[in-house]
Amino acid sequence: SQTIHQWPATLVQPVGSPLSLECTVEGTSNPNLYWYRQAAGRGLQLLFYSVGIGQISSEVPQNLSASRPQDRQFILSSKKLLLSDSGFYLCAWDGTGTHEQYFGPGTRLTVT
Amino acid sequence: DAKTTQPTSMDCAEGRAANLPCNHSTISGNEYVYWYRQIHSQGPQYIIHGLKNNETNEMASLIITEDRKSSTLILPHATLRDTAVYYCIVNPDYKLSFGAGTTVTVRA
């Protein structure tokens, strides 16, 4: 069966510090991968998606970037965090041609 | 630019059916209707999707009107664990756009 992992589960970082969140998927090959963010009291916002290694599409211009160095690994990064980067970051995957996205447990980021 | 309209909140009695409405009057012919839910502090969970026909799975039923301008998600026997925010999403592809959803509270 397929599983999706995210770490860390929670993170507190000062403004201006770098960020690296990791997401890995097991039990499937060539998944589509997604990064979402949910700010406090708001809906989920799609940040990035990837259909293959090295292929990243950005949905919203911002202080963040994404990379996919391996087929089942998706990384969200920032060089300098802003207070507005605080939120609940969710990674998700689906298979090509399917309609169901599966979400990871999320990382709760607080920028202080 | 919201594609769907859902009530902000609704209550449901445990053991009864919960009927969650969603309006999507501007839906295009190739757009699917998806339902996800998010239990507090967790990632969203896929429930069901449909294009034109009504659909049923082990979690819920999806009723889509003939003109496809609205739909209803039915949880046949709500339990306390069904308390969550339910999102109705209309999309032609994989780029899901989550709105505010309906906060459903199941009461004993």
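These numbers come from a predicted model, not from an experiment. (Residues numbered from 1 in each chain as written. Chains lettered and ligands numbered in written order. Predicted model: local features only at pLDDT ≥ 70, side-chain atom pairs only at ≥ 80, totals over all residues. Heavy atoms only, no water.)

Enquirer: Give a detailed account of the state of the cysteines, specifying residues and quantitative values.
Expert: By definition, a disulfide links the sulfur atoms of two cysteine residues through a covalent bond. Overall, the coordinates contain 2 disulfides over all chains when judged by the stated rule. Linked covalently through their sulfurs, A:Cys23 and A:Cys91 form a disulfide whose S-S length is 2.0 Å. Sign of the S-S torsion, about -75° for the bond between A:Cys23 and A:Cys91, identifies this disulfide as left-handed. Remark: A:Cys91 occurs in strand β9 (residues 87-94) and A:Cys23 occurs in strand β3 (residues 19-26); sequence separation between them is 68 residues. Look at A:Cys23 and you get buried, because its relative accessible area is 1%. Two residues, B:Cys22 and B:Cys88, share a disulfide whose sulfurs are 2.1 Å apart. Judged by the sign of its S-S torsion, about -85°, the cystine formed by B:Cys22 and B:Cys88 is left-handed. Here B:Cys22 is found in strand β2 (residues 18-23), whereas its partner B:Cys88 is found in strand β8 (residues 84-91), with 66 residues between them in sequence. With a relative accessible area of 0%, B:Cys22 lands in the buried category. The thiol sulfur of B:Cys12 is not disulfide-bonded, and the nearest other cysteine sulfur, from B:Cys22, lies at 18 Å. (Disulfide = S-S within 2.5 Å. Helix = DSSP H or I, 4+ residues; strand = E, 2+ residues; numbered from the N terminus. Buried < 20%, exposed > 50% of the residue type's maximum accessible area, 1.4 Å probe, protein only.)

Enquirer: Kindly report on the pairing of β2(B), identifying the contributing residues and their values.
Expert: All names here are of chain B. Of the two faces of β2, the one holding Ala18, Leu20 and Cys22 is buried and the one holding Asn19, Pro21 and Asn23 is not buried anywhere. Inspection of the sheet shows β2 paired to strand β7 (residues 70-75) by 6 bridges, in the antiparallel sense. Opposite Asn19, over in β7, you have Ile74 as the bridge partner. (Pairing = 2+ DSSP bridges.)

Enquirer: Could you give an account of the sheet that holds strand β8 (residues 73-78) of chain A, naming the residues involved and the relevant values?
Expert: Residue and element names in this part refer to chain A. The 4 strands are arranged β1-β3-β8-β7 in an open sheet whose pairing can be described as antiparallel. Looking at which strands have only one partner, the edges of the open sheet turn out to be β1 (3-7) and β7 (65-70). The average angle at which neighbouring strand axes cross in this sheet is 20°, direction not considered. Examined bridge by bridge, β7 and β8 share 4 bridges and lie antiparallel to one another. By the bridge assignment, Gln70 is partnered in β8 with Gln73. (Axes fitted to C-alpha atoms, helices over the stretch in contact; angles between N-to-C directions.)

Enquirer: Got a sec to walk through the environment of B:Gly50? Specific residues and values, please.
Expert: Looking at the element boundaries, B:Gly50 is found in strand β4 (residues 45-50). Taking relative accessible area as the criterion, B:Gly50 reaches 2% and is therefore assigned buried.

Enquirer: Describe the interface of chain A and chain B, and please don't skip the residues or the numbers.
Expert: Taken together, the contact between chain A and chain B spans 17 residues of the former and 16 residues of the latter. Interface of chain A and chain B: buried area, both sides summed, is about 1,400 Å²; carbon and sulfur atoms make up 56% of it. Three residues stand out in chain A for area buried against chain B, namely A:Leu44, A:His99 and A:Phe103, and they jointly supply 38% of the buried area on that side. Scanning the region where chain A abuts chain B turns up 0 salt bridges. Breaking the side of chain A that touches chain B down by element, the ones donating at least two residues are β4 (32-38), β5 (44-52) and β9 of chain A. Of the residues belonging to the side of chain A that touches chain B, the class tally is 8 nonpolar, 5 polar and 4 charged. (Contact = heavy atoms within 4.5 Å. Buried area = accessible area lost by both parts, 1.4 Å probe. Salt bridge = Lys/Arg side-chain N within 4 Å of Asp/Glu carboxyl O. Nonpolar A, V, L, I, M, F, W, Y, C, P; charged D, E, K, R; others polar.)

Enquirer: Could you give an account of the nonpolar core, naming the residues involved and the relevant values?
Expert: If you look at the biggest cluster of nonpolar residues, it comprises 22 residues, and the most contacted ones within it are B:Leu20, B:Trp35, B:Ile47, B:Leu73 and B:Tyr86. If you tally residues by element for this core, the top one is β8(B), at 4 residues. Sequence-distant contacts of B:Tyr86, that is, excluding residues within four places in its chain, are made with B:Gln6, B:Leu20, B:Trp35, B:Tyr36, B:Arg37, B:Ile47, B:Leu73, B:Leu75, B:Gly101, B:Thr102 and B:Val104. Counting residues in each nonpolar core, the second largest holds 19 residues, with A:Leu19, A:Cys23, A:Leu33 and A:Leu47 among its members. (Core = buried A, V, L, I, M, F, W, Y, C linked by side-chain atoms within 4.5 Å.)

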